[in-house]
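# Examination of the molecular architecture
Listed below are the residues making up each chain.
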Amino acid sequence: MSGFVAGLLHPLALPAHVLALLALGLLIGQQTARTRHVSVATFAAGAAVGLTAISLGVGQTSAADVLLATTFASGASAAIARPLPAVACALLAAIAGVALALDSPPEAISIAVATATLVGTGLGASLALAMIVTGINYLTRVREWNWARLGGRILSSWIAASAILVLAVRFV
């Protein structure tokens, strides 16, 4: 498998990354159109910053813990289902993007393959988030299905509970 394809699939291969993308997507999908666009773009920019930091040789970080904390915050906020200020939503998206990127160091032998993997990771995470946000927006705003809105809140609360439990286990 090429480095680029491995990078594209990387955010979907780790449970913590999948939960982070789902929680953030559920939260951003509930917001206004302007906030959605700004937040997804901010996530992509944050991921680019984190991936650039990896390519410059940043050492060990606590990115996994930060990612779980943003997963909890996103899931809890989505479960509450109240609109967030655009700045707060974008800030949460940026922190999640940086944390997800820093938690995705490539396992490659050559610099070319590592670079392709990093580019694929950023693109894969950003596309996955955009698809989740679009799907949530379609189900809850375009179709106006109340069951989808309630299901999203239930899923968000379970994601938040899972994230806080994993954080609690890590710190005990």
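Our structure's up above, just so we're on the same page.
Below is a short write-up of the structure. (Residues numbered from 1 in each chain as written. Predicted model: local features only at pLDDT ≥ 70, side-chain atom pairs only at ≥ 80, totals over all residues. Heavy atoms only, no water.)

Our next topic: the packing of helix α2 (residues 15-29) against helix α6 (residues 111-142). Contact pair α2 / α6: the axes reach a minimum separation of 8 Å and the direction vectors enclose 45°. For the element pair α2 / α6, the angle class is oblique. Remark: the crossing between α2 and α6 carries right-handed chirality. Listed contacts from α6 to Leu21, Leu22, Leu24, Gly25, Leu26, Ile28 and Gly29 of α2 are Ala125, Ala128, Leu129, Ile132, Val133, Ile136, Asn137, Thr140 and Arg141. Of the residues belonging to the contact of α2 with α6, the class tally is 11 nonpolar, four polar and one charged. (Axes fitted to C-alpha atoms, helices over the stretch in contact; angles between N-to-C directions. Helix = DSSP H or I, 4+ residues; strand = E, 2+ residues; numbered from the N terminus. Parallel < 35°, antiparallel > 145°, perpendicular 65-115°, else oblique. Left-handed = near helix turned anticlockwise from the far one by under 90°. Contact = heavy atoms within 4.5 Å. Nonpolar A, V, L, I, M, F, W, Y, C, P; charged D, E, K, R; others polar.)

Moving on to the pattern of salt bridges. Counted under the stated rule, the structure contains one salt bridge. Between Asp65 and Arg170 there is a salt bridge; the shortest N-O distance is 2.9 Å. Taken together, the positions of Asp65 in helix α4 (residues 63-80) and Arg170 in helix α7 (residues 146-171) put the pair 105 residues apart, joining distant regions of the chain. Since its relative accessible area comes to 21%, Asp65 is described here as partly exposed. (Salt bridge = Lys/Arg side-chain N within 4 Å of Asp/Glu carboxyl O. Buried < 20%, exposed > 50% of the residue type's maximum accessible area, 1.4 Å probe, protein only.)

A few words on the nonpolar core. Leu21, Leu24, Ile28, Phe43 and Leu129 are the most contacted members of the largest nonpolar core, which totals 24 residues. In contact with Leu129, not counting residues within four places along its chain, are Leu21, Leu24, Gly25, Ile28, Val40 and Phe43. (Core = buried A, V, L, I, M, F, W, Y, C linked by side-chain atoms within 4.5 Å.)

Once that is clear, we can look at the environment of Leu27. One can find Leu27 in helix α2. Classification of Leu27 by relative accessible area gives buried; the value is 0%. The sequence separation of Leu27 and Gly152 amounts to 125 residues, and the corresponding C-alpha distance is 9.1 Å. Ignoring sequence-local partners within four residues, the contact set of Leu27 consists of Ser74, Ser77, Ala78, Leu84, Cys89 and Leu92.

Contact geometry of α2 with α4 gives a least axis separation of 8 Å together with a crossing angle of 35°. Remark: the crossing between α2 and α4 carries left-handed chirality. When α2 is examined against α4, the residues Ala16, His17, Leu19, Ala20, Ala23, Leu24, Leu26 and Leu27 are found in contact with a partner set consisting of Leu67, Thr71, Ser74, Gly75, Ser77 and Ala78.

With that settled, the discussion passes to α7. With 26 residues, α7 extends 38 Å from end C-alpha to end C-alpha; this agrees with the ideal 38 Å at 1.5 Å per step. Those residues of α7 that sit buried are Ala148, Gly152, Ser156, Ile159, Ala160, Ala163 and Leu167. For α7, the elements touching its buried residues are α2, α4 and α6. (Expected span 1.5 Å × (residues − 1).)

Checked against the element boundaries, Ala94 lands in helix α5 (residues 86-102). Setting aside residues no more than four positions away along its own chain, Ala94 makes contact with Thr42 and Gly46.

The next subject is unusual backbone geometry. Of note, Ala81 is a non-glycine position whose phi angle comes to about 60°, a positive value. For Ala81, a relative accessible area of 26% corresponds to the partly exposed category.

On to a nonpolar patch on the surface. On the surface, Phe4, Val5, Leu9, Leu12, Val119, Leu123, Leu127 and Met131 cluster together into a nonpolar patch covering about 720 Å² of accessible area. The set of elements that each furnish at least two residues to the nonpolar patch consists of α1 (3-13) and α6. Given a relative accessible area of 40%, Leu123 falls into the partly exposed group. (Patch = residues over 30% accessible without salt bridge, like charges linked within 9 Å, V, L, I, M, F, W, Y side chains within 5 Å. Areas by Shrake-Rupley, 256 points an atom, 1.4 Å probe, with all protein chains shown as cover.)

Let us look at the packing of aromatic side chains. Applying the stated criterion to the full structure yields one aromatic pair. With a centroid separation of 5.4 Å and an interplanar angle of 25°, the aromatic rings of Trp145 and Trp147 are classed as stacked. Under the relative-accessibility criterion, Trp147 is labelled exposed at 58%. (Phe/Tyr/Trp six-rings, centres within 6.5 Å; stacked < 30°, edge-to-face > 60°.)

This part is about the side chain of Ser126. Assignment of secondary structure puts Ser126 in helix α6. When its relative accessible area of 15% is taken as the criterion, Ser126 is described as buried. Leave out the neighbours within four places in its chain, and Ser126 touches Phe43 and Ala44.

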